[in-house]
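Okay, here's what each chain looks like letter by letter:
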Amino acid sequence: MDLPLLSALFAAFALSLYVVLDGFDLGVGALLLVQSDEKLRDRMVDSITPTWDGNETWLIMAGVALLAAFPIAYGILLPAFYLPLIAMLLALGLRGVSFEFRYQAESGRRAWDVAFGFGSIIAALMQGFIVGGLVQGVAVDGERFSGRVLDVFQPFSLLVAVSVLAGYMVLGGGWLHLKATRNLQGFADRCLRRTTPVFVALAVATCAAASYVQPGVSDAWTSHPVVLGLICLLFLSTAVALLQAIGGPSALRPFLLGLVLFALGVAGLGVTIFPDIVPFRLTLWQAASASLSHVFLLIGAAVVTPIVLAYSAFAYRVFRGKTPEQGWES
C-alpha cells in the first residue's frame, strides 16, 4: 500500500474542501464592500452565518496532514510562506471579530462590515500568493528553504492572487443567488455577470503566465496534453453555462457551476504538479515521513473526516432554503 500517496490524497481532499466551502463565504465578505444598503448587507451576512465558522476546519486538517506525513515539505514551505500565512491568519481572525461585533454594535455597523470585507479580501489574496509561489517554485537547497521570505511577492503570484479573489467572488455571488430573495437576488445576478468573465480572463492569463515563469508547467503540458486540454475545455464550457444560468429558473445552478469551475482549477493544478509535494522540487516519496506516521494520520483521518462531513451536511441541511428576509437576528 502506497501510504505517502494516500496521505497526499487526504491532504488534497481537505484542502479542496476548504477552498470550496470557505471560498464562497470569503467571496460574500468581499462583495460586502460593494453593497451600500445596510439591510442587504445584513442579509448577505445572514446567508453565511450558520456555516461559515466551521469551514476553516478543513484548512487545519490539511496543515496537520502536511506536518505529519511530509515534514520535510512542511519545513520547506512554512518559512517560504511565513508572511502570507501570517497575514491570512490575522485576516481570518479579523473576520471572526468583525462578524461578532457587527451584530452587537448599535452604531458603526458599516465599519465592521468594511473590516469583514477587507479581512475576506486579504485572506483570499494571501491564499493566491501562496498558490502562485508554489507554482513559480520555491528555492530549495537539499531539504531546506534557501530563498527569502519576500520571494513569494512576485508579479506572477500577484496575478494568481487576484485570480483567486475573483474566483471566490464568483462563488460568493453564486451562494447569494442560491440563498437570496428579492433585491439581493438582483445584486447577486449583477455580481455574477461582472465577476465571471473577469475570473475566466484572469484564469486564462494565469495559465499562460505559468508556462512562461515555470518550465515544469510546460513539461506537464507535454506529458499530459489530453487531460489538461480537456480540463481547459470543460472550464471554458462551464463558464459559458454559468453565464447562461444567471437569472434563470434554477437558484442552485449558478452556485453549482461555480463550484465546478473551482474543482476544475484544482484538478488542473493537481495534474500539473503531481507527484510533487514541493512543486517541481521534491516528490511525495522524497519528503515522506516514516510509515508509522502515515498509519496514525490515516487512522485519524478515517475517524475524524466522517464526523466533520456529517456535521457539515447536517448544518447545510438544517439551514437549507432561502435566507429569511427578516434575518436570523429576529
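Note that the coordinates shown come from a computational prediction; the quantities given were computed from them, not determined experimentally. (Residues numbered from 1 in each chain as written. Predicted model: local features only at pLDDT ≥ 70, side-chain atom pairs only at ≥ 80, totals over all residues. Heavy atoms only, no water.)

K.L.:
What exactly am I supposed to notice about the overall build of the protein chain here?
P.N.:
When helices and strands are counted, the protein chain shows 12 helices and 4 strands. By the compact-globule yardstick of 20 Å for 330 residues, the protein chain fits well, its C-alpha radius of gyration being 20 Å. Projected onto its principal axes, the C-alpha positions of the protein chain cover 60 × 40 × 35 Å. Here the protein chain, with 330 residues, has 48% of them falling under the buried criterion. When contacts within the protein chain are restricted to residue pairs at least 6 apart in sequence, those whose partners lie at least 24 apart make up 81%. When the accessible surface of the protein chain is summed, it comes to about 15200 Å², and 70% of that surface belongs to carbon and sulfur atoms. (Helix = DSSP H or I, 4+ residues; strand = E, 2+ residues; numbered from the N terminus. Rg over C-alpha atoms; globule rule 2.2 N^0.38 Å. Buried < 20%, exposed > 50% of the residue type's maximum accessible area, 1.4 Å probe, protein only. Contact = heavy atoms within 4.5 Å. Areas by Shrake-Rupley, 256 points an atom, 1.4 Å probe, with all protein chains shown as cover.)

K.L.:
It is not clear to me how helix α7 (residues 155–179) should be interpreted in this structure. Could you clarify?
P.N.:
In an α-helix, one turn spans 3.6 residues; hence positions three or four apart end up facing the same way. For α7, with 25 residues, the first-to-last C-alpha span of 36 Å sits near the 36 Å given by 1.5 Å per residue. Of all 25 residues in α7, 21 are buried, a share of seventy percent or more. (Expected span 1.5 Å × (residues − 1).)

K.L.:
Help me understand the pattern of salt bridges in this model?
P.N.:
Side chains carrying opposite charge are able to pair once their charged atoms draw close together. Enumeration according to the criterion identifies 4 salt bridges in this entry. A salt bridge links D25 to R95; the nearest nitrogen and oxygen atoms lie 2.7 Å apart. With D25 in helix α1 (residues 3–31) and R95 in helix α5 (residues 82–104), this pair connects stretches of sequence that are 70 residues apart. Residue R41 is joined to D113 by a salt bridge in which the shortest nitrogen-to-oxygen separation is 2.7 Å. Of the two residues, R41 is situated in helix α2 (residues 38–48) and D113 in helix α6 (residues 109–136); the sequence distance between them amounts to 72 residues. Per residue, the accessibility class of R41 equals that of D113, and both read buried. (Salt bridge = Lys/Arg side-chain N within 4 Å of Asp/Glu carboxyl O.)

K.L.:
Even after reading the chapter, I still don't get the packing of α2 against helix α8 (residues 183–213), so can you show me in this structure?
P.N.:
Geometry of a packed helix pair, given as the angle between the helix axes and the separation of the axes. Following both chains from N to C, one finds α2 and α8 inclined at 75 degrees, their axes separated by 10 Å at the closest point. Comparing the axis directions of α2 and α8 gives the class roughly perpendicular. Contacts from L40, R43 and M44 in α2 reach N183, L184 and F187 in α8. When grouped by side-chain class, the residues that make up the contact of α2 with α8 number 4 nonpolar, 1 polar and 1 charged. (Axes fitted to C-alpha atoms, helices over the stretch in contact; angles between N-to-C directions. Parallel < 35°, antiparallel > 145°, perpendicular 65-115°, else oblique. Nonpolar A, V, L, I, M, F, W, Y, C, P; charged D, E, K, R; others polar.)

K.L.:
What should I look at first to understand the nonpolar core in this one?
P.N.:
Proteins that are soluble and globular tend to have nonpolar side chains buried together. Grouped together as the largest cluster of nonpolar side chains are 92 residues, with contacts concentrated most on M44, F70, Y168 and L176. Looking at this core, the element that brings in the most residues is α7, giving 13 residues. Excluding residues within four positions of it along the chain, F70 makes contact with P4, S7, A8, A65, I277, L284, A287, A288 and H294. (Core = buried A, V, L, I, M, F, W, Y, C linked by side-chain atoms within 4.5 Å.)

K.L.:
Where do I start with the packing of aromatic side chains in this structure?
P.N.:
In this description, an aromatic ring pair is defined by two values, namely the gap between the centres and the angle between the planes. Enumeration over the complete set of coordinates arrives at 8 aromatic pairs. Centre to centre, the rings of F199 and F235 are 5.8 Å apart; their planes meet at 65 degrees, and the pair counts as edge-to-face. Remark: F235 occurs in helix α10 (residues 225–245) and F199 occurs in helix α8; sequence separation between them is 36 residues. Here F199 falls in the buried class, since its relative accessible area comes to 8%. For F235, a relative accessible area of 12% corresponds to the buried category. The structure contains a cluster of three or more aromatic residues connected by ring pairs, namely Y168, F199, F235 and F262. (Phe/Tyr/Trp six-rings, centres within 6.5 Å; stacked < 30°, edge-to-face > 60°.)

K.L.:
Help me understand the packing of α2 against α6, please; the structure alone is not making it clear to me.
P.N.:
It is the contact of α2 with α6, at a shortest axis distance of 11 Å, that shows an interaxial angle of 45 degrees. When the axes of α2 and α6 are compared, the pair comes out oblique. Between α2 and α6 lies a crossing of left-handed hand. Of α6, the residues touching α2 (which contributes E38, R41, D42 and I48) are R109, R110, D113 and F116. Looking at the contact of α2 with α6 residue by residue, the classes come out as 2 nonpolar, no polar and 6 charged. (Left-handed = near helix turned anticlockwise from the far one by under 90°.)

K.L.:
How should unusual backbone geometry be read in this particular structure?
P.N.:
Glycine aside, negative phi is the norm for most residues, and most peptide bonds take the trans geometry. With an omega dihedral of 10 degrees, the bond running from F274 to P275 counts as a cis peptide bond. Locating P275 in the fold gives a position in the loop between α11 (253–273) and β3 (276–278). The backbone of F280 sits at a positive phi, close to 65 degrees, despite the residue not being glycine. Relative to the elements of secondary structure, F280 occurs in the loop between β3 and β4 (282–283).

K.L.:
Just to check I follow, could you spell out a nonpolar patch on the surface for this structure?
P.N.:
Nonpolar side chains collect at one region of the surface, where Y82, L83, I86, L90, V149, L150 and F153 lie side by side and expose about 620 Å² of accessible area between them. Here L90 lies in helix α5. On the basis of relative accessibility, which here comes to 60%, the residue L90 falls in the exposed class. (Patch = residues over 30% accessible without salt bridge, like charges linked within 9 Å, V, L, I, M, F, W, Y side chains within 5 Å.)

Keep in mind these values describe shape, not function.
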